[in-house]
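Architecture and fold: a report
In case you want the letters, here they are:
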Amino acid sequence: MQTDLIFKHQILEKLSPSFCGAKWYNATIWLGSGMTTSCHHPPAHLVDIEQVKQNPKLLHNTPEKKEQRRQMQCGERPGGCEYCWKLEDMGPNYISDRVYKSKIYTQEELKDAFNTPADQDIDLITLEIAFDRTCNFACSYCNPAFSSTWVKDLKNNGTYTDLVSDGRNHFTHTHDSAQLYKFGETNPYVEAFFKWWDSDLHRTLRELRITGGEPIMSAELWRLFDWFKDNVDKSQTKLAINSNLGGKAELIDRLVDCRKHLPSLDVYTSMEATGYSAEYIRDGLDFELWWNNIQKLHHADISTHCMMTINALCLPTLPNMIQKILDKRNEFGKDFATMSYNILRFPSFQSCLVLPQHIKDACVARLQQLDLTNMQDWEHGQLERLIEYLQVVETPHSESFEMPKLHNDFKRFYTQYDVRRNHTFAKAFPELEEWYQTL
Ligand code: SF4
């Protein structure tokens, strides 16, 4: 904390009071929709398709971002970065993501960015991309913008009805703008990425994280991995993918086989419950298959990470999932499936905060009894913050609806979900059934 404050005051603020390295060196780019943003906080915007055909660097260096860089160089605050400004306005010693997302770059890199004319193109150092939204799962907290199986659900069964708190309209349309090009069609945004990758990114990117959809179902992931096979030692970019690890066996085997051509590979997978509870939340999952696959990757020298999306349904078996991983570490070591907790905020009716306090308390009591011998210190810190959140926080976020509306939506959503997905809430969550019946 202290070093972060020193970094804020002595490095960042010396450049300008609103400077952030992420605006220059980091991007998230959704190639299926042609949208980009700097970090995940500012709203995404569309990349001009005609211009990007001429200059692939426009995938990141859009006129919008260049204007925001100019503002930051002058000490002005770009509106899209409101998330950070709100935090910083709480006092000079408050630290926002501007610090965390800048301190991963060297002081030299930060100075170079600040001194580069705002209208000049910059090569990225860290990048997250999604090639498309093809995915074999339709998790209850996901939506059609990120999953083609969710699209099928809405196309086959119609939209979800009577939800009043779905302010982002996750479940009321098929989000066609998330996938501008059909399967098999040439996507100019994808072509621009590969052009830029060939010319510069393979050299300048320290980290490339590929998300989806499910990346291993995308032909473009294998195209990228083939590049590494054909260009041995030409790139040191650290690769990471977000995978549900529920793909066909031949795709998992292909991933294992590709490892030898890559400088490194980290796989991030989501899991926060066990058995049928997990299969209910992450529709499409075969829990035992997932468990076998994550072990298979570990044996293949692939770093594994388990992202736990903390939602209402996972609390009864979350402690079991954590203990399962910790127990396996007796055999595999403390680096196996490192665990992080991401608290679900949207859709807010699926937040763990909709549960009555006694159910949250029961989960907390079990979390406090875990045998943490095999847990890393930073994981322990995260677990403590989660416990505090379950004990103290009462509303999912500032814009969320009042609790009775969230409860109504919870019941309405899962009643429809059971029918569409052939599931049974009571069978998946006997611990929640009594409360569920009161809704
Ligand atoms: S200032 Fe904050 S919101 Fe803006 S790009 Fe940096 S980290 Fe993201």
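Note: the structure precedes this text.
Residues numbered from 1 in each chain as written. Predicted model: local features only at pLDDT ≥ 70, side-chain atom pairs only at ≥ 80, totals over all residues. Heavy atoms only, no water.

Some points on helix 19 (residues 430-437)
Burial in helix 19 covers these residues: Leu432, Trp435 and Tyr436. Buried residues of helix 19, viewed axially, fall in a sector of 105°; they line one side. For helix 19, exposure combined with an orientation more than 90 degrees from the buried face picks out Pro430 and Glu434. Taken together, the buried residues of helix 19 touch helix 15 (357-368), helix 17 (403-421) and helix 18 (425-428). (Buried < 20%, exposed > 50% of the residue type's maximum accessible area, 1.4 Å probe, protein only. Helix = DSSP H or I, 4+ residues; strand = E, 2+ residues; numbered from the N terminus. Arc of directions from axis to C-beta. Contact = heavy atoms within 4.5 Å.)

Overview of the pairing of strand 6 (residues 238-242)
Looking along a regular strand, one sees the side chains alternate between the two faces of the sheet. Among the five residues in strand 6, four count as buried, and that is most of the element. Regarding the hand of the β-α-β motif, the stretch spanning strand 5 (residues 207-211), helix 10 (residues 219-230) and strand 6 is right-handed. Pairing between strand 6 and strand 7 (residues 265-270): four bridges, direction parallel. Directly across from isoleucine 241, in strand 7, lies its bridge partner valine 267. In the classification by handedness, the crossover that spans strand 6, the intervening helix 11 (residues 249-258) and the parallel strand 7 is right-handed. (Right-handed = clockwise from strand over helix to strand, strands pointing away. Pairing = 2+ DSSP bridges.)

A word on the sheet that holds strand 6
Strand order in the open sheet formed by nine strands is 3-2-1-4-5-6-7-8-9, and the pairing between neighbours is mixed. Strand pairing shows two members of the sheet lacking a second neighbour, strand 3 (45-46) and strand 9 (338-343), which therefore form its edges. On top of the sheet, helix 16 (residues 377-392) reaches strand 8 (303-310) and strand 9; it is set at about 25° to strand 9, its chief contact. (Axes fitted to C-alpha atoms, helices over the stretch in contact; angles between N-to-C directions.)

Side note on the nonpolar core
Counting residues in hydrophobic clusters, the biggest one holds 108 residues, and the most contacted among them are Phe193 and Ile322. Broken down by element, the residue count for this core peaks at eight residues, all from helix 9 (residues 188-204). Those residues in contact with phenylalanine 193, other than ones at most four positions away along the chain, are Leu31, Leu59, Leu127, Ile129, Phe131, Leu201, Leu208 and Leu224. By size, the runner-up hydrophobic cluster in this structure holds 22 residues, among which are Leu12, Trp24, Val99 and Ile125. (Core = buried A, V, L, I, M, F, W, Y, C linked by side-chain atoms within 4.5 Å.)

Some remarks on the packing of helix 14 (residues 318-332) against helix 15
Put simply, helix 14 and helix 15 touch, their axes get as near as 9 Å, and they point 15° apart. With respect to each other, helix 14 and helix 15 are oriented roughly parallel. Handedness of the crossing formed by helix 14 with helix 15: right-handed. On helix 15, the residues that touch Leu318, Pro319, Asn320 and Ile322 of helix 14 are Cys363, Arg366 and Leu367. Class assignment of the residues belonging to the contact of helix 14 with helix 15 gives a composition of five nonpolar, one polar and one charged. (Parallel < 35°, antiparallel > 145°, perpendicular 65-115°, else oblique. Left-handed = near helix turned anticlockwise from the far one by under 90°. Nonpolar A, V, L, I, M, F, W, Y, C, P; charged D, E, K, R; others polar.)

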